[in-house]
Structures are given as structure tokens and as C-alpha cells.
Amino acid sequence: MTPKKKALSFFLGILISAVFLFLILRKVQFAELSSALQNADYIWLLPNIIFVIAAMYQRAERWKYMLRPIAEIKYRVLLAATCVGFMANNVLPLRLGEFVRAYSLSRQDARITKSASLATIFIERMVFDLLALLMILGVVLVVAPMRIFEGSHKLAALGALLVAVAGLLFAVAIVSRPEGAGRLMSKYLFFLPSGVKDKVALTVVKFSRGLLFLKDWKATLWVSGHTMLLWLGMGLSNIFVFYAFGFDLPLYASYILLIVVSISILIPSSPGFIGVYHAGVVFTLNRFGIDTTNAVTCSLVLHAAQFVPITLMGFYYLKKAHLSLKQLEKEALAGENNG
């Protein structure tokens, strides 16, 4: 990515965040917002933060099983790379966190190539996490059908399910016959120069190493179980912030919030998902009868309860692993360009 495109993408993200912040703040009574912040019972944030921190440890544990066919990686190395990657999404532009996470791991353990590491992250985020969220959505639709999930929303959920299933089938096809998959992709990319097609085929083969765990049904089942526990815990954590503000909402509201926010942060934005995250929270709480001022207040605290511990953990492990965030960002941008 050229410096000009990088700057343009960065300012576009800032602009989108500013627009969303304007939309949710324009009707806010700031005196009431300040009062709500002062009167909140912040002791309820403790269990929420515990769930947030525990999720980082669980992500590292899940990653261990995905990488085991390549090498036995020390848990502390996986935890460090995980925390550094999620911290990078909070402080770096262009959603570079996943690239930073992959390169952080390869920097700490040379046995894991960047391609293999990125492959595990791709299958983790675009298949396992997405399928888990869709399963939770399915239960929510049965238990508490709501207007926000009618019509086009249900169609969007079905589309996401098809994308996740297609991604899983694609990954299985690659890991089953990587050389054949590389040749097939080269065949359909006939319009590219031969050198580029050869590079694509080689990348597919390297990429396939990160998907080897899919050949082991026990490992796949273990990763699936960790994924469900991870997201069930993250959804449950939201209820404690509701308690902090005295919101009398059902448990399924926590999971609806989880799903809506997970969708909203896909929108390009500034580092840390500012604006789009808060809009997702406000959108959800409004549909449960919470007025905009109180919903915005809750969104600020909920975001901070995730942003602060994850960012602090990331910087701690960055320093402990003797890594440079600037160098990781540089490598991530180079990898994004190559991708």
C-alpha cells in the first residue's frame, strides 16, 4: 500500500467513525450522560473484565490446537502474539491486527511461517467464529424473535452462514490437495502473468500448512468447542455492564448485543472500532427500550472495559517479547500488499 493510499484509508476510517459518533451523540443529553456515568455501579465491571481477559487466554489455547500439526508452540508465545495482535487492532489503522498477530508469532517461533499463521487466523475468524455466532443467532431467533432480525436481517444471516460454510469447504479442499488447489487457482487466473500465477500456487501450498488440523476430527472438534465457549462467555459478559447501569434486560439481550456489535465493527472505522462499536450498542439497546443517552453511556463503558485491558495486555507482551510495534506494522502492511 502506497503512503497516499494508506493516508486515504486512515482518514476515511476516521471520517466514518466521526459520522457514527455524530449520529449517536446528536440526541444525547450530556448532563444526563455525566450523571449516569457518576451513578453507575462499577463493581459490576469486574466480572466483565475477567471474561474479556479470559477470552484472550482461551483464544491462545484454541490457537495451540490449530498449530499443533506444524509444531508444539509454547503457550506463552501464543498468548503474547494473540494479545499483541488484538492490541494492534486498537491502536493501528487499517485493521492490521490479524497480520500483526501472525507476524508476531513467526518472529517468536521461526517454525511457523507467516503464511501458515495467517491461514489459521483466517479459518479461525472467517469460519469457526462466524459459525459460532450464527449458531448463537439461531438460538436467539427461536428463544426471542425480534423485529431487528426480521426480513433482510434474516437474509443477511443466511448469507453469512453460506459464506462460512463455503469458507470451510474451501479450506478443506486446500488442505486435502494443496498442489491441486494451487494449480486450479492458477488456471482460473489465466489473465495474470505466469510469474504471478506461480507465486499464487506457491502461496496456496504454504497457506495449506496452517489448515492441517482440519484433517484431525478430534482437533477440529476441540477447536469448535473452544470457539463456542469463547463466544458464549463474551456474550454473557455484556449482562454485567447492564447491571452496572441498572438495566433490567433478559440474558438473550446480551447475545443480541454481541451479534450486532460483531457485525457493526466490520464497517471500516478508526483504530479501536470507535463509533461503529458504539453505534451497534446504541442500536441494540434502543430496541430494548433504553433511551439514547443511557445507551450511549453504556456503550462508552462497555467499549472501555474491552479496549483498556486488551491494549494494556498487548503492550505488556510486546515489551516482554522484545518486539517492535513499528516493525510489525511495517511487515503487516507489506503482507497486506502481497495479499
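Before any of the text, the structure's been laid out above.
This write-up is about the structure you can find in this document.

This part is about the overall build of the protein. In terms of helices and strands, the protein carries 14 helices and 0 strands. Each helix and strand of the protein, ordered N terminal to C terminal, gives the series α-α-α-α-α-α-α-α-α-α-α-α-α-α. For the protein, long-range pairs separated by at least 24 residues make up 73% of all intrachain contacts whose partners lie at least 6 apart in sequence. Accessible surface computed for the protein: about 16,800 Å², of which carbon and sulfur atoms make up 68%.

On to empty space enclosed by the protein. Inspection of every chain in the model, using the stated rule, returns 1 cavity of 30 Å³ or more. Its boundaries defined by the atoms lining it, the largest cavity holds a volume of some 40 Å³. Taken together, N89, L92, P93, L94, R95, S269, S270, P271, G272 and F273 make up the lining of the largest cavity. Taken together, the residues that form the lining of the largest cavity break down as 5 nonpolar, 4 polar and 1 charged.

Turning to helix 11 (residues 251-264), a few remarks are in order. The end-to-end C-alpha distance of helix 11 is 21 Å, a good match for the 20 Å that 14 residues give at a rise of 1.5 Å each. When we look at burial in helix 11, the residues that qualify are A253, S254, Y255, I256, L257, L258, I259, V260, V261, S262 and S264.

With a phi angle near 55°, R95 is a residue other than glycine that sits in the positive phi range. When you line up the elements, R95 lands in the loop between helix 4 (75-91) and helix 5 (97-108). The backbone of F273 sits at a positive phi, close to 60°, despite the residue not being glycine. Mapped onto the secondary structure, F273 falls in the loop between helix 11 and helix 12 (276-286).

Next up on the list: a nonpolar patch on the surface. A cluster of nonpolar side chains, namely L12, L15, V19, F22 and L23, defines an oily patch on the protein surface of about 480 Å² accessible area. Examined against the element boundaries, L12 turns out to sit in helix 1 (residues 3-25). According to the relative accessible area criterion, L12 is partly exposed, its value standing at 46%.

Enumeration according to the criterion identifies 12 aromatic pairs in this entry. Between the aromatic rings of Y65 and W222, the centroid separation amounts to 5.4 Å while the plane-to-plane angle is 50°, which identifies the pairing as tilted. Of this pair, Y65 sits in helix 3 (residues 45-67) while W222 sits in helix 10 (residues 217-244), and the two are 157 residues apart along the sequence. R68 extends its terminal NZ or CZ atom over the ring of Y65, reaching a point 4.6 Å from the ring centre.

As a further point, take the packing of helix 10 against helix 13 (residues 292-320). Here helix 10 crosses helix 13 at 130°, and the two axes come no closer than 10 Å. Judged on the interaxial angle alone, helix 13 and helix 10 are oblique. As helix 10 packs across helix 13, the resulting crossing turns out to be right-handed. Between helix 10 and helix 13, the residues in contact are M234, N238, V241 and F242 and C298, V301, L302 and Q306, respectively. Taken together, the residues that form the contact of helix 10 with helix 13 break down as 6 nonpolar, 2 polar and no charged.

Per the counting criterion, the structure on display carries 13 salt bridges. For E98, the salt bridge is made with R125, and the minimal N-O distance between the two is 3.2 Å. With E98 in helix 5 and R125 in helix 6 (residues 114-143), this pair connects stretches of sequence that are 27 residues apart. Accessibility expressed as a relative area gives 27% for R125, which makes it partly exposed. Among the salt bridges present, the one from R125 reaches D129, with a minimum N-O distance of 3.5 Å. Note that R125 and D129 are positioned in helix 6 at a spacing of 4 residues, about one turn of the helix.

This brings us to the packing of helix 1 against helix 12. Direction vectors running N to C along helix 1 and helix 12 enclose 30°, while the axes themselves pass 8 Å from each other. Regarding the angle of helix 1 to helix 12, the classification is roughly parallel. Between helix 1 and helix 12 lies a crossing of left-handed hand. Every residue of helix 12 that contacts helix 1 at I16, F20 and I24 is listed here: V276, H278, A279 and V282. Along the lines of polarity and charge, the residues of the contact of helix 1 with helix 12 split into 6 nonpolar, 1 polar and no charged.

Rules used throughout
Residues numbered from 1 in each chain as written. Predicted model: local features only at pLDDT ≥ 70, side-chain atom pairs only at ≥ 80, totals over all residues. Heavy atoms only, no water. Helix = DSSP H or I, 4+ residues; strand = E, 2+ residues; numbered from the N terminus. Contact = heavy atoms within 4.5 Å. Areas by Shrake-Rupley, 256 points an atom, 1.4 Å probe, with all protein chains shown as cover. 1 Å grid on protein atoms, 1.4 Å probe; cavity = no way out; pocket = protein on both sides within 12 Å on 5 of 7 lines; lining within 4 Å. Points joined across faces, edges and corners; volume = space filled by probe spheres on them. Nonpolar A, V, L, I, M, F, W, Y, C, P; charged D, E, K, R; others polar. Expected span 1.5 Å × (residues − 1). Buried < 20%, exposed > 50% of the residue type's maximum accessible area, 1.4 Å probe, protein only. Patch = residues over 30% accessible without salt bridge, like charges linked within 9 Å, V, L, I, M, F, W, Y side chains within 5 Å. Salt bridge = Lys/Arg side-chain N within 4 Å of Asp/Glu carboxyl O. Phe/Tyr/Trp six-rings, centres within 6.5 Å; stacked < 30°, edge-to-face > 60°. Lys NZ or Arg CZ within 6 Å of the ring centre and 35° of its normal. Axes fitted to C-alpha atoms, helices over the stretch in contact; angles between N-to-C directions. Parallel < 35°, antiparallel > 145°, perpendicular 65-115°, else oblique. Left-handed = near helix turned anticlockwise from the far one by under 90°.

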